[in-house]
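# Coordinates in review
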Amino acid sequence: MKKISLLGATGSIGLQTIDIITANPEDFQLVALSAGRNIDKTREIIKQLKPALVSVQDAKDAQVLQQEFPTSTFTYGAEGLVEVATHPDTTVLVNAVLGSVGLASTLAAIKMSKTIAIANKETLVTAGHLVMAAAKQYNAPILPVDSEHSALFQAMNGENPKNISRLIITASGGSFRDKTRDELIGVTVKDALNHPNWSMGAKITIDSATMMNKGLEVIEAHVLFDMPYDDIDVVLHRESIIHSMVEFDDTSVIAQLGTPDMRVPIQYALTYPNRIPLQGGKRLNLAEIGKLHFEEMNFKRYKALQLAYDAGRTGGTILTAMNAANEAAVAAFLRGEISFLAIDEMIERIMHEHSTIAQPDLETILAVDSETRKRVADMIK
Ligand code: NDP
Ligand code: MG
């Protein structure tokens, strides 16, 4: 029986994690969870799984819920995320909260040597060196939930890391993959949220359309698997059937395939090194699919991917600045305050202005994160 703390329980990854826990009550128990402001969903989950500890974003929601559910303990805010992540009964933290707000709780759970199943890629982008160093020091396994990184992790299973020559990350192309950059002028939030292959939270769906999601994933792969940026490639693959590939010194390539379903990588992170059946999982039928397509990435069309490679190669605080600028710009786009094309243009301006500090500590990262968000807000004004 694995005892789980879940950050971001009311989100897309969070709810799919709840599905897996519910489908396998003999394998998993939900001990603690965090939610943001979706209190109706939080109520449903509490009724169903009766977690001992629950954190929400706002104090007043915690108070209301405490009266409704006297047998659970309620907390809130940034401190609440840390309390959930470090609950003493928990052995596995599933971090599916959105954005760099997940960093402090990830580090706190690592310091208690918990296993970390990480979907929250912004944490690895903004402070990858701190997370991986702490994971090594405290012997805390970091297991990828992102489908591409789960695929890479599976393809590397049992291999000597020294024999890996290249990571090849696949990209679906997002909601605007058939449009030129000029055709993106004036696209709406609704158009951008219409992803062809995956149903995900709003922020990552926009990141997929700008290709910043793939940029974040390239950095995530560098952090998790310690590969140089020159040996991490991205290939456009419309069908999202191959979730990523590892190339070895002898030119052999191992790929992980499957019907697009985020529950597969989430469940694998929870059952690793074992596998269990996936309830309602759709088996892959290649004959039915017929053809798989691959195209070279166009870095001019997808400027954000180029920016992410640039930030990754520079390293240090420019990664934090890039990530925070992206989070702030995407949120502004979703609120209807800026155009779609302004997202990567703002990130580019922030990166251009930034003087990077190498090997930043946590305090510096948090300061750059909040300064960058303020700067983006000023630019929008
Ligand atoms: P969602 O937007 O669907 O969910 C985000 C979750 O985080 C919700 O529970 C939300 O609460 C909570 N939350 C948001 N902001 C805060 C905050 N400031 N404080 C506390 N809680 C907060 O996101 P996704 O599930 O799509 O993505 C989560 C993470 O997983 C991201 O890092 C994303 O990049 C990554 N990921 C997602 C994939 C997917 O398929 N969705 C695939 C691979 C990676 P509430 O809704 O209650 O307000
Ligand atoms: Mg992914």
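To start, this report covers the structure provided alongside it.

Quick notes on the rules
- Residues numbered from 1 in each chain as written.
- Chains lettered and ligands numbered in written order.
- Predicted model: local features only at pLDDT ≥ 70, side-chain atom pairs only at ≥ 80, totals over all residues.
- Heavy atoms only, no water.
- Helix = DSSP H or I, 4+ residues; strand = E, 2+ residues; numbered from the N terminus.
- Expected span 1.5 Å × (residues − 1).
- Buried < 20%, exposed > 50% of the residue type's maximum accessible area, 1.4 Å probe, protein only.
- Near = heavy atom within 4 Å.
- Polar contact = N/O pair within 3.5 Å; in protein donor to acceptor, adjacent residues only side chain to side chain.
- Areas by Shrake-Rupley, 256 points an atom, 1.4 Å probe, with all protein chains shown as cover.
- Pairing = 2+ DSSP bridges.
- Axes fitted to C-alpha atoms, helices over the stretch in contact; angles between N-to-C directions.
- Parallel < 35°, antiparallel > 145°, perpendicular 65-115°, else oblique.
- Contact = heavy atoms within 4.5 Å.
- Nonpolar A, V, L, I, M, F, W, Y, C, P; charged D, E, K, R; others polar.
- 1 Å grid on protein atoms, 1.4 Å probe; cavity = no way out; pocket = protein on both sides within 12 Å on 5 of 7 lines; lining within 4 Å.
- Points joined across faces, edges and corners; volume = space filled by probe spheres on them.

### Points about helix α14 (residues 317-334)
Between its first and last C-alpha atoms α14 spans 26 Å; for 18 residues at 1.5 Å apiece the expected length is 26 Å, and the two agree. Of all 18 residues in α14, 16 are buried, a share of seventy percent or more. Remark: Gly336 follows α14 within two positions and exhibits a positive phi of approximately 80°.

### A few points about the site of ligand 1
By nearness alone, 22 residues border ligand 1, and Thr10, Ser12, Arg37, Glu122 and Gly201 come closest of all. Here a nitrogen atom of ligand 1 and a side-chain polar atom of Gln57 are 3.4 Å apart. In the complex, 85% of the free accessible area of ligand 1, which totals 910 Å², lies under the protein chains. Elements supplying a minimum of two residues to the shell around ligand 1: α1 (12-23) and α6 (121-137).

### Some remarks on the pairing of strand β10 (residues 242-248)
Side-chain direction in a regular strand flips from residue to residue, so the side chains alternate between the two faces of the sheet. A large share of β10 lies buried, amounting to seven of its seven residues. Sheet topology places strand β8 (residues 164-171) next to β10; four bridges connect them, and they run antiparallel. Of the residues in β10, the one forming a bridge with Ile164 is Phe248. Looking at chain direction, β10 and strand β11 (residues 253-257) are connected through five bridges and run antiparallel. Residue pairing for β11: Ser244 is matched across the bridge by Gln256. The loop that links β10 with its antiparallel partner β11 comprises four residues; one of these, Thr251, has a positive phi angle of about 75°.

### Quick notes on the packing of helix α5 (residues 103-111) against α6
Two numbers describe how α5 lies on α6: the axes approach to 10 Å, and their chain directions differ by 10°. It follows from the interaxial angle that α5 and α6 lie roughly parallel. Only Thr123, Thr126, Ala127, Leu130, Val131, Ala134 and Ala135 of α6 make contact with α5, whose side of the interface consists of Leu103, Thr106, Leu107 and Ile110.

### Quick notes on the packing of helix α13 (residues 303-314) against α14
In the contact formed by α13 and α14, the axes pass within 7 Å of each other and the chain directions differ by 155°. Considered as vectors, α13 and α14 are oriented roughly antiparallel to each other. Residues Leu307, Ala308, Ala311, Gly312 and Thr314 of α13 pack against Ile318, Leu319 and Met322 of α14. Taken together, the residues of the contact of α13 with α14 sort by class into six nonpolar, two polar and no charged.

### Comments concerning the sheet that holds strand β9 (residues 232-236)
In a beta sheet, neighbouring strands are held together by backbone hydrogen bonds and run either parallel or antiparallel to one another. If you trace the five strands from one edge of the open sheet to the other, you get β11-β10-β8-β9-β12, paired in mixed fashion. The strands lining the two open edges of the sheet, one partner per strand, are β11 and β12 (295-296). Sheet topology places β9 next to β12; two bridges connect them, and they run antiparallel. Within β12, the residue paired with Val235 across the bridge is Glu296. Helix-sheet contacts for helix α10 (residues 212-225) involve β8 and β9, and the interaxial angle to β8 is about 150°.

### Looking at the layout of surface pockets
A volume near 470 Å³ is recorded for the second largest pocket. In terms of lining residues, the second largest pocket is bounded by 23 residues, among which Gln256, Leu257, Val264, Arg275 and Leu278 are the most central. When contributions to the lining of the second largest pocket are tallied by element, the ones reaching two or more residues are α7 (147-156), β11 and α11 (263-271). A per-element tally of the lining of the second largest pocket places α11 first, with five residues. Residue classes in the lining of the second largest pocket are distributed as nine nonpolar, 10 polar and four charged.

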